[in-house]
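# Fold and contact review
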Amino acid sequence: MTWTMARRAERLNPSTIRELLKLTERPGIISLAGGLPSADTFPVAALRQACDEVLAQHPREALQYAASEGFGPLRDWVAAELEAQGLLADPGRVLITSGSQQGLDLVGKVLLDPGSAVAVESPTYLGALQAFAPYEPTFHALEGDDEGPLPAALAAAKGSRFAYLLPNFQNPTGRCLGAARREALADAALAAGVPVVEDNPYGELWYDAPPPPPLAARLGGQSVYLGSFSKVLAPGLRLGYLLAPAALYPKLLQAKQAADLHTPTFNQRLVHRVLATGMLPAHVAATRERYRAQRDAMAAALSAHMPAGVHWQVPSGGMFFWLTLPPALDAAALLPRAVEAGVAFVPGGTFFPQGGHANTLRLSFVTVPPARIAEGIAALAGVLRGA
Ligand SMILES: Cc1ncc(COP(=O)(O)O)c(C=O)c1O
C-alpha cells in the first residue's frame, strides 16, 4: 500500500527557520536567529495566580468545550482595545484564534483558490507564506523602498484576493510604516478594490514612539486585522484574535470550527483574568524597556564591529535587525562558518516570496543579554570580514 498525498501536501514545506534553530540550539552558540520573545518577560506570577482563581471559581466552564467565537469577556476586551486604536470593532466580529498564525491559515482557507493572487511584501513573514501556500495561490511580490511597499505597486496588484501587510516593526526587517505611507497604501487598496489582511503582533513593542494608527482604521470593512498575545504575554498560550468584516466573519468562524472547534477555553479565561487585573500596561512597558536596551546594544555593536559594505537601519520597535551584505556574499553559505565562530542568524533569502536576496540576514536582539549581543556581533563581523 502507498499513501497518495493531496497536491497541497507538496506545498507544505518545513520552515527553514525551525530547521535552523535545531543547529543553533547547540550549547555555547549565541543565537541571534530565533524569533522568540525573551522568556524572562513571561508574567509567571500573574499567570499562576490567575490559574488558581480560574480553577477555584470556574473549573467546570474553564475545562469544558466552549463557543468557537471565543470567550465573551475576552472578545469584549479585544474589541475595546482595537476601538482605542481607532478601529470600529464590535465584539461580534472578533474571533479568538489559536495564535495569529491560525488566523493566517483561516484567511487563506476562506479566501484563496488555486491560482488566486495574493499581494505580499518582499521580504515578508515566512509563516504567512507557509500558511497560504497549501491553498495554492500565486504570490505577487510588492515592490518597495526604504519606507515599505509602494502604493503604486499595490494599485498594480488589482485583482489580488488580498494584500498581506505588516505595518508595525515587520518580521523580518523591523521596518515600521510611517503615517503618510499607511494612508497612501490604504487609499491605493481602496481604489484598486484589494482587501488588506493586516498582521500586527509587534505593535506594542515600540521603543521610540508608538506607531501610527493601523491601516484597518482607514480601511474598515475592506480589511481583516490580526493580533496576538504572543509578544506581550507568552507565545505558549497560543492566543491570538482577528477582527473581520461582517461579510467574512461567518465563514472564518466555520473554518475555525472545522479546524479545532475553539481556542483552549482554559487559556482564554486565564488571559482574561490576567488582563482584568490591569497589569498589562506596566508589564508591556517593562518589556519595552528591556528590549530597548537590547536593541541599543545591538545597534552599538553593529556600528563598532561591522566592516564597510554591510548595511542596516536601527529598528524603532519589534525584535529584529535586517542586514544587507555586499552583493557577492551568500548569508546561507556563511551560516556554518558563523556557527563555527559561535554565533547564529537567519539567512534572509527565505523571507522573499520569489527567492533571491542571498546577501541579506535577520538578527534577533531580544533573547540574548546585551553583553552576549556584543560578543555575537563581534564574532559575526569577523566571519563577514573573512568572507
Ligand atoms: C508577523 C508574524 N505574524 C504572526 C506570527 C504568529 O504569531 P502567533 O504566536 O500569534 O501565532 C508571528 C510569529 O512570530 C509573526 O512574526
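Described in the following lines is the structure provided in the data block.

Here is what the cut-offs are and how they apply
- Residues numbered from 1 in each chain as written.
- Predicted model: local features only at pLDDT ≥ 70, side-chain atom pairs only at ≥ 80, totals over all residues.
- Heavy atoms only, no water.
- Phe/Tyr/Trp six-rings, centres within 6.5 Å; stacked < 30°, edge-to-face > 60°.
- Helix = DSSP H or I, 4+ residues; strand = E, 2+ residues; numbered from the N terminus.
- Buried < 20%, exposed > 50% of the residue type's maximum accessible area, 1.4 Å probe, protein only.
- Contact = heavy atoms within 4.5 Å.
- Near = heavy atom within 4 Å.
- Polar contact = N/O pair within 3.5 Å; in protein donor to acceptor, adjacent residues only side chain to side chain.
- Nonpolar A, V, L, I, M, F, W, Y, C, P; charged D, E, K, R; others polar.
- Core = buried A, V, L, I, M, F, W, Y, C linked by side-chain atoms within 4.5 Å.
- Expected span 1.5 Å × (residues − 1).
- Arc of directions from axis to C-beta.
- Pairing = 2+ DSSP bridges.
- Axes fitted to C-alpha atoms, helices over the stretch in contact; angles between N-to-C directions.

### Regarding the packing of aromatic side chains
- Here the structure, examined in full by the defined rule, presents nine aromatic pairs.
- Their ring planes at 45 degrees and their centres at 6.1 Å tell us that Trp 322 and Phe 352 sit as a pair that is tilted. Remark: Phe 352 occurs in the loop between strand E13 (346-347) and strand E14 (360-364) and Trp 322 occurs in strand E11 (residues 320-324); sequence separation between them is 30 residues.
- Phe 352 gets classed as buried once you look at its relative accessible area, which sits at 7%.

### A closer look at the side chain of Thr 360
- Structurally, Thr 360 can be placed in strand E14.
- Residue contacts for Thr 360: discarding those within four places in its chain leaves Trp 322, Leu 323, Thr 324, Ala 331, Pro 347, Gly 348, Gly 349 and Phe 352.

### Quick look at the environment of Phe 352
- Note: C-alpha distance between Phe 352 and Gly 86 (266 residues apart in sequence) is 31 Å.
- Contacts of Phe 352, omitting those with residues within four sequence positions, involve Ser 122, Pro 123, Trp 322, His 357 and Thr 360.

### A few points about the site of the ligand
- Near the ligand lie 13 residues; those nearest to it are Asp 199, Tyr 202, Ser 228, Ser 230 and Arg 238.
- Lys 231 is positioned such that a nitrogen or oxygen atom in its side chain is 3.0 Å from an oxygen atom of the ligand.
- The side chain of Arg 238 places a nitrogen or oxygen atom 2.7 Å from an oxygen atom of the ligand.
- The dominant element in the shell around the ligand, judged by the number of residues it contributes, is helix H6 (residues 99-111), at three residues.
- Split into classes, the residues belonging to the shell around the ligand amount to four nonpolar, six polar and three charged.

### A few points about the nonpolar core
- Judged by nonpolar contacts, the single largest core of 45 residues is most densely connected at Met 298, Met 306, Leu 363 and Ile 377.
- Of all the secondary structure elements, the ones that give two or more residues to this core are helix H13 (280-305), E11, helix H14 (331-340), strand E12 (343-344), E14 and helix H15 (370-386).

### Observations concerning H15
- Here H15 contains 17 residues, and its C-alpha end-to-end distance of 24 Å stays within 8% of the 24 Å for a straight helix at 1.5 Å per residue.
- All of the buried residues in H15 are Ile 373, Gly 376, Ile 377, Leu 380, Ala 381, Val 383 and Leu 384. Down the axis of H15, the smallest arc covering the buried residues is 160 degrees, so these residues share one side. For H15, the exposed residues lying more than 90 degrees away from the buried face are Ala 371, Arg 385 and Gly 386.
- In this structure, the buried side of H15 is in contact with strand E1 (30-31), H13, H14, E12 and E14.

### Section: the side chain of Thr 97
- Mapped onto the secondary structure, Thr 97 falls in strand E2 (residues 94-97).
- Engagement of the side chain of Thr 97 in a polar contact is seen with the backbone oxygen of Gly 99, the distance being 2.9 Å.
- If we skip the residues at most four places from it in the chain, Thr 97 touches Gln 102, Gly 103, Leu 106, Arg 238, Leu 239, Gly 240, Tyr 241, Leu 242, Lys 256 and Thr 263.

### A word on the pairing of strand E10 (residues 240-243)
- Along E10, one buried face is formed by Gly 240 and Leu 242 and the opposite face, lined by Tyr 241 and Leu 243, is buried too.
- Across four bridges, the pairing between E2 and E10 is antiparallel. Bridge pairing in E10 links Leu 95 to Leu 242.
- Examined bridge by bridge, strand E9 (residues 223-228) and E10 share four bridges and lie antiparallel to one another. Residue pairing for E10: Ser 228 is matched across the bridge by Gly 240.

### Comments concerning the sheet that holds E11
- Strand order in the open sheet formed by three strands is E11-E14-E13, with antiparallel pairing between adjacent strands. In this open sheet, the two edge strands, each paired with only one partner strand, are E11 and E13.
- Relative to E11, H13 is tilted by about 20 degrees, and along the sheet it contacts E11 and E14.

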